[in-house]
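Single-letter residue listing:
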Amino acid sequence: MYRTLVYFVFSQLAVGGLLSMLVVPLEAGKRFFRFCTLACLVFLALALWAGPFPLLTPAAAGSTVSLLPRRLFAACAVLAFGHLIAVVAERTGPQKALLAVAGLTGAAGIVSDGLLACTACSPYAASVLTAACFLLSALFLGSVIFAMILGHWYLVVPALHIRPLRTLTRMMLVAILAKTILTALTIYVFWLDGDTQVRETLRSFWGLGGLFLWVRVLFGLIGPLIVGFMVWQTVKIHSTQSATGLLYVATIFVLIGECVSAYIFFTSNIPV
């Protein structure tokens with residue numbers, strides 16, 4: 001189970017980080033992109049070491065389809081390493097292109113994870129809902145944690161424009177709202193079209209069995225939404241230090257929320 005959680009969280013964090021870096025201008029400096037890309041490569045290495053988790057393995061063990069997410073993440077790691085080389089060599093031309101392709105390749109891996117994880121799940125739309133949940137989780141993790149890192153960089157590069165931090169904050173708020181809507185839609189669809197076992201699982205969420213769900217909602221949705229609004233207000237007045245402090249709190253919330261979300265999916269096959 002723990003390897004599964006590592007696979008979920010770190011693959012999504014790495015891909016979300018690569019996508020989040022796309023909104024940061026090159027003026028942030030070589031050290032910022034070097035540090036963030038190295039962090040993404042470490043996260044991808046941990047994910048590749050831990051995965052794929054058992055639910056991704058179809059009946060025909062070792063089939064090509066079951067290896068698709070890992071191959072996409074491996075390709076993402078190679079492209080991210082190419083971006084790192086371009087950063088170190090100060091080749092500004094290919095940097096954004098390599099970063100964009102790496103992020104899109106990783107996003108394809110995230111989506112394939114979701115589609116393959118629920119091929120036998122009830123209801124029929126479970127695969128699409130799971131893929132959407134995984135992709136939003138990646139954007140959520142990346143925008144929060146890499147916005148926190150970017151907030152520190154305003155001490156290193158004081159002349160850096162506030163726009164990238166504002167964009168990452170907006171991305172974080174959009175991801176939270178989208179995940180909230182998707183969670184409500186998922187519960188509704190699973191209740192409406194799910195089999196008897198799925199409905200029993202959903203009923204258990206209203207009792208003691210729903211403790212993890214409420215922790216997920218409190219720390220993964222409500223808490224980050226409140227903190228995200230506060231970050232937005234501080235970013236509007238260009239108070240980057242206050243925004244960074246609040247993003248520390250958001251980082252704790254999002255890590256707790258997404259780890260619990262991965263645990264709920266592992267135990268119930270319901271992507272909330």
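Because the structure is a prediction, the values reported are computed rather than measured.

## Quick notes on the overall build of the protein chain
In step 1: Across its full length, the protein chain holds nine helices and zero strands.
In step 2: Listing the helices and strands of the protein chain from first to last along the sequence gives α-α-α-α-α-α-α-α-α.
In step 3: Compactness check: the protein chain gives a C-alpha radius of gyration of 19 Å against a globular reference of 19 Å for 272 residues, within 12% of the reference.
In step 4: Once the C-alpha set of the protein chain is aligned to its principal axes, its extents read approximately 60 × 40 × 25 Å.

## Quick look at the side chain of S143
In step 1: Mapping S143 onto the fold places it in helix α5 (residues 126-156).
In step 2: Within polar-contact distance, the side chain of S143 engages the backbone oxygen of F140 at 3.1 Å.
In step 3: In this structure, S143 is in contact with S20, L168, M171 and M172, ignoring residues within four places of it in sequence.

## Here's the deal with the environment of V15
In step 1: One can find V15 in helix α1 (residues 2-21).
In step 2: If we skip the residues at most four places from it in the chain, V15 touches F73, G103, G106, A107 and I110.

## Comments concerning the confidence of the model for the protein chain
In step 1: Chain-level pLDDT for the protein chain is 87 on average; 91% of the residues reach the 70-or-more range.
In step 2: Per-residue pLDDT stays below 50 along residues 53-65; that stretch engages in 21 contacts with residues further than four places along the chain or on separate chains.

## Let's talk about empty space enclosed by the protein
In step 1: Within this structure, the stated rule accounts for one cavity of 30 Å³ or more.
In step 2: One number sums up the size of the largest cavity: a volume of about 90 Å³.
In step 3: Along its surface, the largest cavity is lined by F8, V9, Q12, C133, F134, S137, E258, S261, A262, F265, P271 and V272.
In step 4: Listed by contribution, the elements that provide at least two residues to the lining of the largest cavity are α1, α5 and α9 (240-268).

## Section: the pattern of salt bridges
Pairing between side chains of opposite charge can happen when their charged atoms approach one another.
In step 1: This model, assessed by the stated rule, comprises three salt bridges.
In step 2: Across the pair R216 and E258 runs a salt bridge whose closest N-O atoms are separated by 3.2 Å. Residue R216 is found in helix α8 (residues 211-236), and its partner E258 is found in helix α9; the two are separated by 42 residues along the sequence.
In step 3: The buried category is assigned to R216, whose relative accessible area is 0%.
In step 4: Look at the salt bridges and you will find they share partners, linking K179, R216 and E258 into a network.

## Here we look at the layout of surface pockets
In step 1: Approximately 290 Å³ is the volume attributed to the largest pocket.
In step 2: The wall of the largest pocket is formed by 15 residues, among which T183, I187, W206, L213 and W214 lie closest to the centre.
In step 3: If you list the elements that add at least two residues to the lining of the largest pocket, you get α6 (163-193), α7 (196-204) and α8.
In step 4: Per-element tally for the lining of the largest pocket: the top contributor is α8, with six residues.
In step 5: Residue composition of the lining of the largest pocket, by class: 12 nonpolar, two polar and one charged.

## Quick look at a nonpolar patch on the surface
In step 1: Taken together, L218, I222, I226, F229 and M230 make up a surface patch of nonpolar side chains, about 480 Å² in accessible area.
In step 2: Of note, L218 is situated in helix α8.
In step 3: Take L218: its relative accessible area is 45%, and that puts it in the partly exposed class.

## Some words on the state of the cysteines
In step 1: The final tally for this structure, using the stated rule, is zero disulfides.
In step 2: You can see C76 has no disulfide; the closest cysteine sulfur is in C40, sitting 8.0 Å from it.

## Side note on the packing of α6 against α8
In step 1: Packing of α6 against α8 leaves a shortest axis separation of 10 Å and a crossing angle of 150 degrees. With respect to their mutual orientation, α6 and α8 come out roughly antiparallel. As α6 packs across α8, the resulting crossing turns out to be left-handed. Judged by residue contacts, L165, R166, T169, R170, M172, L173, I176, L177, K179, T180 and T183 of α6 engage R216, L221, P224, L225, G228, F229, V231, W232 and V235 from α8.

## Let's talk about the nonpolar core
In step 1: Among the nonpolar cores identified, the biggest contains 81 residues, and L18, M21, F32, F146, L150 and L165 are the most heavily contacted of them.
In step 2: With 16 residues, α5 is the largest single contributor of residues to this core.
In step 3: Ignoring any residue separated from it by four or fewer positions in sequence, one finds F32 in contact with V24, I149, L150 and W153.

What counts and how
- Residues numbered from 1 in each chain as written.
- Predicted model: local features only at pLDDT ≥ 70, side-chain atom pairs only at ≥ 80, totals over all residues.
- Heavy atoms only, no water.
- Helix = DSSP H or I, 4+ residues; strand = E, 2+ residues; numbered from the N terminus.
- Rg over C-alpha atoms; globule rule 2.2 N^0.38 Å.
- Polar contact = N/O pair within 3.5 Å; in protein donor to acceptor, adjacent residues only side chain to side chain.
- Contact = heavy atoms within 4.5 Å.
- pLDDT = per-residue confidence, 0-100.
- 1 Å grid on protein atoms, 1.4 Å probe; cavity = no way out; pocket = protein on both sides within 12 Å on 5 of 7 lines; lining within 4 Å.
- Points joined across faces, edges and corners; volume = space filled by probe spheres on them.
- Salt bridge = Lys/Arg side-chain N within 4 Å of Asp/Glu carboxyl O.
- Buried < 20%, exposed > 50% of the residue type's maximum accessible area, 1.4 Å probe, protein only.
- Nonpolar A, V, L, I, M, F, W, Y, C, P; charged D, E, K, R; others polar.
- Patch = residues over 30% accessible without salt bridge, like charges linked within 9 Å, V, L, I, M, F, W, Y side chains within 5 Å.
- Areas by Shrake-Rupley, 256 points an atom, 1.4 Å probe, with all protein chains shown as cover.
- Disulfide = S-S within 2.5 Å.
- Axes fitted to C-alpha atoms, helices over the stretch in contact; angles between N-to-C directions.
- Parallel < 35°, antiparallel > 145°, perpendicular 65-115°, else oblique.
- Left-handed = near helix turned anticlockwise from the far one by under 90°.
- Core = buried A, V, L, I, M, F, W, Y, C linked by side-chain atoms within 4.5 Å.

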